Amino acid sequence: MLRVIVVDDNDLIRKSIIKRVDWEGLGLVCVGEAADGHRAYELIEELKPSIVITDVKMPIADGFYTIGRCHNNFPEVQFIIISGYDDFVYVKQAIQLNVVNYILKPIDSDELIETLKKARDQVYQYRSDRQERQQTQVYRRHYQEQRVANLFQRFFTYKIDYMDLQEQLDQAGYPLRNPCCACVCINFCAPGGDSAHTLTTAATAQLEQALEALYLFSTCKLLHVYKNIYAAVCTYRERAPLSAAVREKTYQAIAQGFRLDGETKLWLSWSDTLECAQLTQAYQQCLQRMFNRFTQTEQTVFVGPAQGGASVAGALTPLLDRLEIVLDLHLKGEGKAAIRQIVAQTAQSPRLILEYLPRVFLMLDGKVDNRLSIQEFDPSLQKYHLLRFYDLPQMEETLCRLVDSIVYPAETIDIGAQVIAYIDRSFTQQLTLRELGDLFHVNHIYLGQLVKKKTGMLFNAYLSRLRLERAKELIEADPSIVLKDLSYSLGFADSHYFTKVFKQNVGLTPTEYRDQMLQNHSRK
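In this report, the structure presented in the accompanying data block is examined. Quantities reported herein were computed from a predicted structural model and do not represent experimental measurements.

Below, the discussion takes up the overall build of the protein. Each helix and strand in the protein was counted, giving 21 helices and eleven strands. Its C-alpha radius of gyration of 41 Å places the protein more than 25% over the 24 Å reference for a compact globule of 524 residues. Across its three principal directions, the C-alpha atoms of the protein cover 135 × 50 × 50 Å. Out of the 524 residues belonging to the protein, those deemed buried represent 46%. Between the mean site of the 59 positive side-chain charges and the mean site of the 63 negative ones, the protein shows a separation of 6 Å.

It is worth spelling out a nonpolar patch on the surface at this point. Taken together, the side chains of Met1, Val29 and Val31 make up a nonpolar region of the molecular surface, amounting to roughly 250 Å² of accessible area. As for its placement among the helices and strands, Met1 is situated in the segment before strand 1 (2-7).

What follows covers the pattern of salt bridges. In the structure shown here, the tally under the stated rule is 19 salt bridges. A salt bridge links Glu397 to Arg401; the nearest nitrogen and oxygen atoms lie 3.6 Å apart. Linking Glu397 with Arg401, this pair stays in helix 14 (residues 392-405), spanning four residues, or about one helical turn. Through salt bridges with shared partners, a single network forms among Asp11, Arg14, Lys15 and Glu33.

This structure, assessed with the given rule, holds eleven aromatic pairs. A connected cluster of aromatic rings, assembled from ring pairs, spans Phe492, Tyr497, Phe498, Phe502 and Tyr513. Its guanidinium or amino end placed over the ring of Tyr126, Arg133 lies 5.6 Å from that ring's centre, counting from NZ or CZ. The lysine or arginine in question, Arg293, covers the ring of Phe294, its NZ or CZ lying 4.4 Å from the ring centre.

This brings us to a negative patch on the surface. Judged by side-chain charge, Asp161, Asp164, Glu167 and Asp170 come together as a negatively charged surface patch. Relative to the helices and strands, Asp161 is located in the loop between helix 5 (109-156) and helix 6 (162-171).

Now for helix 16 (residues 433-440). Within the sequence span of helix 16, burial applies to Leu436, Gly437, Leu439 and Phe440. In a view along the axis of helix 16, the buried residues occupy a sector of 160°, so they form one face of it. Turned more than 90 degrees off the buried face of helix 16, the exposed positions are Arg434 and Asp438. One or two steps after helix 16, the chain reaches His441, where phi turns positive at roughly 60°.

Of note, the amide linkage connecting Lys105 to Pro106 takes the cis form, showing an omega dihedral of -5°. As for its placement among the helices and strands, Pro106 is situated in the loop between strand 5 (101-104) and helix 5. Its identity as a non-glycine residue notwithstanding, Lys48 has a phi of 55°, on the positive side. Among the structural elements, Lys48 can be located in the loop between helix 2 (37-47) and strand 3 (51-55). Located in the positive-phi region is Asn98, a residue other than glycine, with phi close to 60°.

Strands sit in the order 2-1-3-4-5 across an open sheet of five strands; the sheet is parallel. In the strand order of this sheet, the two ends are held by strand 2 (28-34) and strand 5, each with one partner. The mean inter-strand angle of the sheet, taken between neighbouring strand axes irrespective of direction, is 20°. Two strands pair when backbone bridges link them, and strand 1 and strand 2 are joined in this way by six bridges, in the parallel orientation. Across the sheet, Val4 pairs through a bridge with Cys30, a residue of strand 2. Of the strands in this sheet, strand 1, strand 2, strand 3 and strand 4 (78-83) are in contact with helix 2, which crosses strand 2 at around 140°.

Moving on, we get to helix 9 (residues 279-290). Relative to the 16 Å expected for twelve residues at 1.5 Å per residue, helix 9 spans 17 Å between its end C-alpha atoms, a close match to the ideal helical length. Here helix 9 has its buried residues at Leu279, Ala282, Tyr283, Gln285, Cys286, Leu287, Arg289 and Met290.

A word on the environment of Gly37. You can see Gly37 is positioned in helix 2. Counting along the chain gives 30 residues from Gly37 to Ile67, while the straight-line C-alpha distance between them is 8.8 Å. With residues up to four places along the chain from it excluded, the contact list for Gly37 reads Met58, Pro59, Ala61, Asp62, Tyr65 and Thr66.

A separate point is the environment of Lys221. Within the secondary structure, Lys221 is located in strand 7 (residues 218-226). Judged by its relative accessible area of 8%, Lys221 falls in the buried class. The spatial distance from the C-alpha of Lys221 to the C-alpha of Glu145 is 9.3 Å, given a sequence separation of 76 residues. Here Lys221 is in contact with Glu145, Val148, Phe152, Tyr174, Glu208, Ala231, Ala232 and Val233, once residues within four sequence places are set aside.

What counts as what
- Residues numbered from 1 in each chain as written.
- Predicted model: local features only at pLDDT ≥ 70, side-chain atom pairs only at ≥ 80, totals over all residues.
- Heavy atoms only, no water.
- Helix = DSSP H or I, 4+ residues; strand = E, 2+ residues; numbered from the N terminus.
- Rg over C-alpha atoms; globule rule 2.2 N^0.38 Å.
- Buried < 20%, exposed > 50% of the residue type's maximum accessible area, 1.4 Å probe, protein only.
- Lys, Arg positive; Asp, Glu negative; His and termini not counted.
- Charge placed at Lys NZ, Arg CZ, Asp CG, Glu CD.
- Patch = residues over 30% accessible without salt bridge, like charges linked within 9 Å, V, L, I, M, F, W, Y side chains within 5 Å.
- Areas by Shrake-Rupley, 256 points an atom, 1.4 Å probe, with all protein chains shown as cover.
- Salt bridge = Lys/Arg side-chain N within 4 Å of Asp/Glu carboxyl O.
- Phe/Tyr/Trp six-rings, centres within 6.5 Å; stacked < 30°, edge-to-face > 60°.
- Lys NZ or Arg CZ within 6 Å of the ring centre and 35° of its normal.
- Arc of directions from axis to C-beta.
- Pairing = 2+ DSSP bridges.
- Axes fitted to C-alpha atoms, helices over the stretch in contact; angles between N-to-C directions.
- Contact = heavy atoms within 4.5 Å.
- Expected span 1.5 Å × (residues − 1).

This is the structure we're talking about:
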């Protein structure tokens, strides 16, 4: 029921009003009375009534004093004035203060009852309007937050650039005012599989406030970038490095905000503090640093800049080529062995992980019918897919499982044709019959017989023919090519042996072949 207080300096009139009204029947309850405007305001603060019946002329403070103070502080309260003065000035002031009614003494009971009903209805209407306004505000605020989040997400997935982001954020009422920024990448995963987690709007707001409290003079926007990856965009007034204590408190705030279970591990990586115009660089920096969690030796939650890895990059392309070849030849065991080698090599550097492992997933995607890897995603999101994994062993296990799920057509396998196809694609590598025998699980002597049956040539002769044909093509395409480098690129272990084989088969040394070709061109 709605609460009512009665205010009049005449004790008999107060008691009469309280006694003559059937409060319960009107859905009301009289909770207090006062003899002056000052005490009335104290009761309003204490008892929070919805309706106040008040006289105008009273000692200490009059009724208009009470009404005026309540308009801003207690806008729901509806006032009914009772007065013995039929004064136009009083009536006009009451109208300006939007009171429910101005009732002259002696009070007519019926008029008072009808006025109380009207006041009651206006309270409920005010509450309904207020709820509608609040819902509208909540909707508008939610819409704005979603719009801002979508803009950042489009920016983080490279669909808009920084200039577009800045312009559209201004339109959305979320301008990037501070001159400096930093990004925090938040990644969590359980040992048994990837994790997806979505914060509620309220939890997101609470975490943003907690982060803003940690970063002095900052604003913070927390965004769900992809499955188990969040990003916090923080802007600052001043460019300064973050202390270890602030980083630790940030971790505690985020861990508490996400309420992750005991098995799920949380990693954080920070960008440097940069100018706001470098937000793209800040985001890419914190995301790339997150990949260092796959290679760091210490089980730490804070991920720093990546180190090393350039020395083995050249060895990975042949491994990828070999993987594709053995999978095309239906050699799943060799495919899984190649994957293990690739993962072991990429473990030396996050840069190698980023560059090569998405290519392995895409390669397998083209061979797996049920699309278990990442082709379904936008190419710009491939790097996010890797962060769904707890560590490299889990990623390796998933890749090997994808190999096992490849279904090849039910047909008779021609081992001889497969061997020739492999030689045709891999003749620039160091190949021997024994190695091919191990690869295809066939005796190397029998394999040599298969090669001769298919090509009419011995293995070494066929291999040399392929290499020499390619050598002539490359010399003709670029006469300035260094012949020693050419021999190594074609799989010859020794340049002198290359020259010997070339002359035996072509009748000229590589140098004589190039000179003759140049003379022929000059005559034309």
